[in-house]
Amino acid sequence: MDFFKNLFSPEILRAITDFSQSALFIAQGSGYTVALIALAMLLGLILGLPLSTITVYGPGWLKKLTGLYVWFFRGVPILVLMFLIYFGFFDLIESFYFKLFEERLVLTPFKAAVLSLGLASAAYQSQIFKGAILSVQSGQLKAALALGFSKKRAIIHVILPQALRISIPAWSNEYSILLKDSAIAYVLGTMEIMARTRFMASTTFAHIRFYLFAGLLYFVLTWLGVKLLAVLDKKVRIPGLAHDVFRAED
Amino acid sequence: MTEPRPLLEVSRVTRVIDGKKILDDVSLSLNKGDLKVVIGPSGGGKSTLLQCVNFLQVPNQGDVFLDGVSAREMSRHNINLFRQKIGMIFQDFNLFDHLSARDNVAIALRKVKGQKKAKAYQRAMEELDRVGLADKADLYPSQLSGGQKQRVSLARALAMDPMVMLLDEPTSALDPELIGEVLNVIAQLSYSGMTMLMVTHQIGFARHLTKEIIFMEAGRVVETGPPELLEGGPGGGRAAEFCAKLAEVTGR
């Protein structure tokens, strides 16, 4: 009986409500995290698609430029990129090279985080799309040209619709990686999951329970996103095109 | 009476890839309604010739004229307009995998000719009906047999109202059972007056339909003549020899 009395003692109840309040505070950071990753993935898509198309079909000098882009953004750690962009990478360009901006360009932490993650993701996504473009049978481009399509329109109407479908599984992989990279954005002071968790953990010293909770949140967000993309993959799958695997009988 | 101006004229086309002459000074011409058949061993430049006709490969020398219009001249402005008027059929069909049979036929009408969806679909159905596939309009390429795929690709080319059709071994990737249905469509086309240049190994078929066989080897037109050219016998030319070898293999 004492045990139950203790279980519902005011101290424990308060601790539970305290935790649930803190947990709520952390969980509300999911909104920031989701917005951050959604915008970064979108930026990566918008930049990555033309990057990959140029890498495959572009003229040599442009290919070199896209190669340079991919080389740079895959080579620099996200953390370094965030500091570079947040602490005036653009200021540097502005003050030493051009005089593009009248005022100093100040990025909010959130914008800087979106920009860093998006620019880096564009490099990775361009490689996903490149592989997908190359896996579309090249005769289809030839057939489209023979019908009178310009190369650009053939790529837009024939190649990319197929390449994008092929990219979804790899894209969902990129999502799950970028989602966890987004945790680094706490260093800039974005109020996403990780920043809130660190705040709670360091004020209450209850590190384990808060970090476990944050881990759980990331786990759920990953699962949800991957699930969503799997549904999309199924929805846009080309009928009859085999996705089945040959299984040898033992 | 003067000869009518040929509808399609290939004039002294040479194509060099990596220092190797794939096509060496090839000339030929087709009048309206002609079906000419190109035969010859692999690597002889037959496919390259067809791709040079619509400038999918740009000849290093020479030019192609369609109804008197120079492809080289067009390629300085808009080669796509030139290509629109030439239908092309490939050995491995090259259908657009992400589109249904109907959309495969309609997409160029919509995106190249700028037709409204309803109009393009109506035309697509007419063409699919012509090749006997109206009931397969909603199926995707991977749900069709090889013969059906090739017929869809014929419908796709015909929907653009081409002046000339180029056929690059249209039956080579097909099961023997499925070759007939494709050849039937091609024969129908020829009877209806379509001008066609066809690369094929279907010698028997070629013999019945064409008035002129063009035998190519090592990038050159070696022999040109009526189908009797292929009849063997002592003193037969290179084409007859080639056909005799084909007959040995097929037993015909």
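Residues numbered from 1 in each chain as written. Chains lettered and ligands numbered in written order. Predicted model: local features only at pLDDT ≥ 70, side-chain atom pairs only at ≥ 80, totals over all residues. Heavy atoms only, no water.

Caption draft 1: Main features of the sheet that holds strand β9 (residues 212–217) of chain B. Residues and elements named next belong to chain B. Within the open sheet, the six strands sit side by side as β6-β7-β8-β3-β9-β10. Their pairing is mixed. Two strands close off the open sheet at either side, each with one partner strand: β6 (86–89) and β10 (220–225). Each neighbouring strand pair of the sheet contributes to a mean axis angle of 20°, computed without reference to strand direction. Where strand β7 (residues 164–168) lies against strand β8 (residues 195–199), five bridges are found, and the strand directions are parallel. The residue of β8 that forms the bridge with Asp-168 is Val-199. (Pairing = 2+ DSSP bridges. Helix = DSSP H or I, 4+ residues; strand = E, 2+ residues; numbered from the N terminus. Axes fitted to C-alpha atoms, helices over the stretch in contact; angles between N-to-C directions.)

Caption draft 2: Structural view of the environment of Leu160(A). Residues and elements named next belong to chain A. Structurally, Leu-160 can be placed in helix α9 (residues 151–181). Residue class for Leu-160 comes out buried when judged on its relative accessible area of 12%. Sequence-wise, Leu-160 and Val-136 are 24 residues apart; in three dimensions their C-alpha atoms are separated by 9.0 Å. (Buried < 20%, exposed > 50% of the residue type's maximum accessible area, 1.4 Å probe, protein only.)

Caption draft 3: Examining helix α4 (residues 101–111) of chain B more closely. Counting buried residues in α4(B) gives nine out of eleven residues, a clear majority hidden from the surface. Here α4(B) has its buried residues at Ala101(B), Arg102(B), Asp103(B), Asn104(B), Val105(B), Ala106(B), Ile107(B), Ala108(B) and Leu109(B). Where the residues of α4(B) are buried, they touch α8 (139–147) and α9 of chain A together with α5 (117–130) and α6 (146–158) of chain B. (Contact = heavy atoms within 4.5 Å.)

Caption draft 4: Spatial organisation of the pattern of salt bridges. All names here are of chain B. Summed over all chains, the structure comprises 13 salt bridges over all chains. Where Asp-24 meets Lys-21, a salt bridge forms, and the shortest distance between an N and an O atom there is 3.7 Å. When the shortest N-O distance is used, the salt bridge between Arg-123 and Asp-161 registers 2.9 Å. Pair noted here: Arg-123 is in helix α5 and Asp-161 is in the loop between α6 and β7, with a separation of 38 residues, a long-range link. Residue Asp-161 is classed as partly exposed on the basis of its relative accessible area of 47%. Salt bridges linked by common partners bring Arg-123, Glu-127, Arg-130 and Asp-161 together as one network. (Salt bridge = Lys/Arg side-chain N within 4 Å of Asp/Glu carboxyl O.)

Caption draft 5: Summary view of the interface of chain B and chain A. In this assembly, 25 residues from chain B lie in contact with 22 residues from chain A. Both faces considered, chain B and chain A share a buried interface measuring about 2,100 Å² in area, 64% of it formed by carbon and sulfur atoms. In this assembly, chain B and chain A are joined by zero salt bridges. Counting across the interface, chain B meets chain A through seven residue pairs in polar contact (both at pLDDT 80 or more). For the side of chain B that touches chain A, the secondary structure elements donating two or more residues are α3 (79–84), β6, α4 and α6 of chain B. (Buried area = accessible area lost by both parts, 1.4 Å probe. Polar contact = N/O pair within 3.5 Å; in protein donor to acceptor, adjacent residues only side chain to side chain.)

Caption draft 6: Representation of the pairing of β9(B) in the model. All names here are of chain B. Here strand β3 (residues 35–39) runs beside β9; their pairing, made up of four bridges, is parallel. Opposite Ile-39, over in β9, you have Phe-215 as the bridge partner. Where β9 and β10 come together, five bridges link them in antiparallel fashion. Note that in β10 the partner of Ile-213 across the bridge is Gly-225. The hairpin turn running from β9 into β10, its antiparallel successor, is two residues long, and Ala-218 in that turn takes a positive phi close to 50°.

Caption draft 7: Spotlight on the confidence of the model for chain A. Residue-level pLDDT values for chain A average 88, and 85% of them are 70 or greater. Within chain A, α8(A) carries the highest mean pLDDT (96), whereas helix α1 (residues 2–7) of chain A carries the lowest (62). (pLDDT = per-residue confidence, 0-100.)

Caption draft 8: Molecular detail of the packing of α4(B) against α6(B). Residue and element names in this part refer to chain B. For the pair α4 and α6, the least separation of the axes is 8 Å and the interaxial angle reads 25°. As summarised for this structure, α4 and α6 are arranged roughly parallel, according to the angle between their axes. Of the two possible hands of crossing, α4 and α6 adopt the one that is right-handed. Counting all contacts with α4, which are made through Ala-101, Asn-104 and Val-105, the residues of α6 involved are Val-152, Ala-155 and Arg-156. Considering only residue class, the contact of α4 with α6 consists of four nonpolar, one polar and one charged. (Parallel < 35°, antiparallel > 145°, perpendicular 65-115°, else oblique. Left-handed = near helix turned anticlockwise from the far one by under 90°. Nonpolar A, V, L, I, M, F, W, Y, C, P; charged D, E, K, R; others polar.)

Caption draft 9: Fine view of the sheet that holds strand β1 (residues 8–17) of chain B. Residues and elements named next belong to chain B. Within the open sheet, the four strands sit side by side as β2-β1-β4-β5. Their pairing is antiparallel. Edge strands, defined here as strands with exactly one partner in the open sheet, are β2 (20–30) and β5 (69–70). In terms of strand pairing, β1 meets β2 through seven bridges, oriented antiparallel. Its bridge partner lying in β2, Val-13 is registered against Val-26.

Caption draft 10: Fine view of a nonpolar patch on the surface. Residue and element names in this part refer to chain A. On the surface, a cluster of nonpolar side chains totalling about 750 Å² of accessible area is made up of Trp-61, Leu-65, Leu-68, Trp-71, Phe-72, Val-80 and Leu-84. Every element with two or more residues in the nonpolar patch is listed here: α4 (60–75) and α5 (78–86). When residues in the nonpolar patch are grouped by element, the largest group, five residues, is from α4. Position of Trp-61 among the secondary structure elements: in helix α4. For Trp-61, a relative accessible area of 60% corresponds to the exposed category. (Patch = residues over 30% accessible without salt bridge, like charges linked within 9 Å, V, L, I, M, F, W, Y side chains within 5 Å. Areas by Shrake-Rupley, 256 points an atom, 1.4 Å probe, with all protein chains shown as cover.)

Caption draft 11: Molecular detail of the nonpolar core. Ranked by size, the top nonpolar core spans 92 residues in total, and within it Leu154(B), Met165(B) and Ile186(B) carry the most contacts. It is helix α7 (residues 176–191) of chain B that contributes the most residues to this core, eight residues altogether. Excluding its chain neighbours within four sequence positions, the residues that come into contact with Met165(B) are Gly87(B), Ile89(B), Leu154(B), Ala157(B), Leu158(B), Leu189(B), Met194(B), Thr195(B), Met196(B) and Leu197(B). Core analysis: the next-biggest nonpolar cluster, separate from the first, contains 43 residues, Val70(A), Ala113(A), Ala120(A) and Ala214(A) among them. (Core = buried A, V, L, I, M, F, W, Y, C linked by side-chain atoms within 4.5 Å.)

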